[in-house]
Amino acid sequence: MSSRAGRALFVQLVRKYSNASGKDVKHYKLVIAGGGTGGCSVAARACRALGAGKVAVIEPAEYHYYQPMWTLVGAGIKKVDQSAMPMSEVLPKQCDRHKEHVSAFDPDNNTVTLSNGQKISYDYLVIALGIQINLHKVDGLVEALKADPMVCCNYVRDTVEKTYPALQKFQGGTAIFTFPNTPIKCAGAPQKIMYLADEFWRKNGVRDKTEILYNTSLGVIFGVKKYAASLLEVAKKKDIKVNYKRNLVAVDHNKKLATFKLLESESGEEETYKYDFLHVAPPMSAPDTLKNSTSPITDAAGFLDVNKETLQHNKYPNIFGLGDCTSVPTSKTAAAVAGQNKILYRSLKQVMAGQSPDGQYDGYTSCPLITGYHSCILAEFDFDGQPLETFPFNQGKERRSMLHLKRDVMPEMYWRMLLTGRWGGPKPYRKIMHLGMSR
Ligand code: FAD
Ligand code: UQ1
């Protein structure tokens, strides 16, 4: 045996027998944890460049969901099946799919452990686990979602189909829409469904018997001034009452009561409302797998600690992250992932080539704020909450064209371009459309 072959055999044996679970440690150049929007888009770019056998995606789910469609599902405009694609069809054919959860990260040894005990080692790791929904953090919510047809939640695959029947069944009374006191994906979604409900109930003649309340934990209706001003006008026009600094803490579906903590009350005062319809945007958090990690890979809140411009990990240079599970201080959306996946892949290639990453993600994110069945305000902004609008008109206005973009164009862009690693966000188009203008 040549000395080279001997060395290779030795490395193989070390990898094989260093695994406490007794299973082979499989090795990949690149491991991607999570096959959602971020994981899929990076896997597509990497597999195109690296070829078969080099990239592993660890993703337990049978289906990939286009979650931005769930607002439309809730309003009866689309069916939930239209938002689903088998994971095997959206992940690149050249990647090795491991249909397991990542249960632990060991960045000091460049390995991850899967839920079946198998360990996988890597040269480079991309983490894209999304954000975790915590229904159990609101007392009685899990039970209410099961037992009360008038309690619904567009944020979860198994409950989003309850919303439209509840809109149809509603005969008037108090309708409450909530916004949690935690980080959240698509911060516009809790109010989009409210504007759609308002229009639906006007059409079917129950709106004049209805009071609509938007009970939000925030002190503003939306985090970006320009769009907040537009949304306050929309709420006023629709006669919706906005109650600030109220956080849903309990639902009693037997008595039809929703209890909110008053966040400004020093004595922890609460307020209880009788509801006839309740749409809950639930509490969310970093995924437990990250939050509970014993290695220093997260920030204090449990989100993956990456550089906000290059998306490289702040402590482990061979780890990168994108999407909802990261510390990147922008609004968590698929549109943000569009901006991020291109930058992340650039950083990854540079590090693979022994260079320092020079990417400059600007925080681009977007929220198509649907304000009715035929209108939408397309919010687009950066880290500083400054508008970064693609089109050469004022996007702060409600427009039919933007609803068309959201409802008919975006799903195609998502499946065909974003998930296949061919969409890095609208920046180049914005530059063309704004030629001669300042932004
Ligand atoms: P996800 O796409 O959620 O993917 C995370 C993946 O990780 C999942 O497939 C999951 O199964 C997997 N995973 C989790 N834990 C593990 C583990 N331990 N091991 C392995 N895999 C794991 N965005 C917009 O841009 N515009 C919109 O209009 C919009 N509207 C929305 C409306 C709703 C109701 C919702 C729910 C979301 C909306 N979003 C919108 C947000 C958008 O869907 C997310 O921001 C985006 O999908 C984030 O991508 P991600 O890859 O970070 O996470
Ligand atoms: C976007 O790029 C994107 O990802 C595909 C979304 O997610 C579904 C969006 O909602 C939006 C608005 C964008 C931005 C794209 C354009 C053309 C403005």
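Residues numbered from 1 in each chain as written. Chains lettered and ligands numbered in written order. Predicted model: local features only at pLDDT ≥ 70, side-chain atom pairs only at ≥ 80, totals over all residues. Heavy atoms only, no water.

1. Observations concerning unusual backbone geometry
Link 1 in the chain: Non-glycine residue Cys186 carries a positive phi angle of around 45°.
Link 2 in the chain: Considering the arrangement of structural elements, one finds Cys186 in the loop between β11 (173-179) and α7 (189-203).
Link 3 in the chain: For Cys186, a relative accessible area of 19% corresponds to the buried category.
Link 4 in the chain: Its identity is not glycine, yet Leu311 carries a phi of approximately 70°, on the positive side. (Helix = DSSP H or I, 4+ residues; strand = E, 2+ residues; numbered from the N terminus. Buried < 20%, exposed > 50% of the residue type's maximum accessible area, 1.4 Å probe, protein only.)

2. Thoughts on the site of ligand 1
Link 1 in the chain: Near ligand 1, the surroundings consist of 31 residues, among which Thr37, Gly38, Glu59, Asp324 and Ala335 are the closest.
Link 2 in the chain: Note that an oxygen atom of ligand 1 is positioned 2.8 Å from one of the backbone N or O atoms of Asp324.
Link 3 in the chain: The contact in question runs from an oxygen atom of ligand 1 to an N or O atom on the side chain of Lys406, over 2.9 Å.
Link 4 in the chain: Compared with its free state, where it exposes 1,000 Å², ligand 1 has 91% of that area covered by protein.
Link 5 in the chain: Those elements giving two or more residues to the shell around ligand 1 turn out to be α2 (37-50), α7 and α10 (334-352). (Near = heavy atom within 4 Å. Polar contact = N/O pair within 3.5 Å; in protein donor to acceptor, adjacent residues only side chain to side chain. Areas by Shrake-Rupley, 256 points an atom, 1.4 Å probe, with all protein chains shown as cover.)

3. Some details on the domain arrangement of the chain
Link 1 in the chain: Each assigned domain of the chain is listed with its residue range as follows: domain 1 (11-77 + 86-132 + 286-352), domain 2 (133-284) and domain 3 (365-433).
Link 2 in the chain: The distance between the C-alpha centroids of domain 1 and domain 2 comes to 32 Å.
Link 3 in the chain: Residue-level contacts link 16 residues of domain 1 with 21 residues of domain 2.
Link 4 in the chain: Carbon and sulfur atoms make up 62% of the area that domain 1 and domain 2 hide from each other, which totals about 1,500 Å².
Link 5 in the chain: The largest share of the area that domain 1 buries against domain 2 comes from Trp70, Thr71 and Gln132, three residues that together contribute 35% of it.
Link 6 in the chain: Between domain 1 and domain 2 we count zero salt bridges in total.
Link 7 in the chain: At the junction of domain 1 with domain 2, the criterion picks out five residue pairs in polar contact (both at pLDDT 80 or more).
Link 8 in the chain: Take the side of domain 1 that touches domain 2: its biggest share by element is four residues, from helix α3 (residues 70-74).
Link 9 in the chain: Tallied by class, the residues present in the side of domain 1 that touches domain 2 amount to seven nonpolar, seven polar and two charged. (Domains from an automatic or database assignment. Contact = heavy atoms within 4.5 Å. Buried area = accessible area lost by both parts, 1.4 Å probe. Salt bridge = Lys/Arg side-chain N within 4 Å of Asp/Glu carboxyl O. Nonpolar A, V, L, I, M, F, W, Y, C, P; charged D, E, K, R; others polar.)

4. Some thoughts on the site of ligand 2
Link 1 in the chain: Of all residues adjacent to ligand 2, which total 13 residues, the nearest are Tyr66, Tyr364, Ser366, Met410 and Trp423.
Link 2 in the chain: At a separation of 2.7 Å, an oxygen atom of ligand 2 approaches a polar side-chain atom of Trp423.
Link 3 in the chain: Of all the secondary-structure elements, those providing two or more residues to the shell around ligand 2 are α10, β20 (365-372), β21 (375-381) and α11 (400-418).
Link 4 in the chain: Of all the elements, α10 adds the most residues to the shell around ligand 2, at three residues.
Link 5 in the chain: By residue class, the composition of the shell around ligand 2 is 10 nonpolar, two polar and one charged.
Link 6 in the chain: Counting residues domain by domain, the shell around ligand 2 receives three or more from each of domain 1 (11-77 + 86-132 + 286-352) and domain 3 (365-433).

5. Concerning the packing of aromatic side chains
Link 1 in the chain: Within the structure shown, the criterion is met by 17 aromatic pairs.
Link 2 in the chain: Centre to centre, the rings of Tyr227 and Phe381 are 6.4 Å apart; their planes meet at 45°, and the pair counts as tilted. Highlighted residues: Tyr227 in helix α8 (residues 225-237) and Phe381 in strand β21, separated in sequence by 154 residues. The burial state of Tyr227 is the same as that of Phe381; both residues are buried.
Link 3 in the chain: Every member of this aromatic cluster is reached through a ring pair, and the members are Phe170, Phe177, Trp201 and Phe277.
Link 4 in the chain: The side chain of Lys308 reaches across the aromatic face of Phe383, ending 4.6 Å from its centre.
Link 5 in the chain: Note that Lys332 overlies the ring of Phe303, its terminal NZ or CZ placed 4.5 Å from the centroid. (Phe/Tyr/Trp six-rings, centres within 6.5 Å; stacked < 30°, edge-to-face > 60°. Lys NZ or Arg CZ within 6 Å of the ring centre and 35° of its normal.)

6. Quick word on the pattern of salt bridges
Oppositely charged side chains can form a pair if their charged atoms are brought close together.
Link 1 in the chain: Counted according to the given criterion, the structure contains 18 salt bridges.
Link 2 in the chain: Between Asp148 and Lys256 there is a salt bridge, and its shortest N-O distance comes to 2.8 Å. Of this pair, Asp148 sits in the loop between α5 (141-147) and β10 (151-152) while Lys256 sits in the loop between β14 (246-252) and β15 (257-262); the two residues are 108 residues apart in sequence, bridging distant segments of the chain.
Link 3 in the chain: Across the pair Lys315 and Asp305 runs a salt bridge whose closest N-O atoms are separated by 3.5 Å. Of the two residues, Lys315 is situated in the loop between α9 (288-291) and β19 (319-321) and Asp305 in the loop between α9 and β19; the sequence distance between them amounts to 10 residues.

7. Description of the confidence of the model for the chain
Link 1 in the chain: Counting all residues, the mean pLDDT for the chain is 95, and 94% of those residues have values of 70 or more.
Link 2 in the chain: In the model, residues 16-22 has pLDDT below 50 throughout and makes eight contacts with residues more than four positions away in sequence or in other chains. (pLDDT = per-residue confidence, 0-100.)

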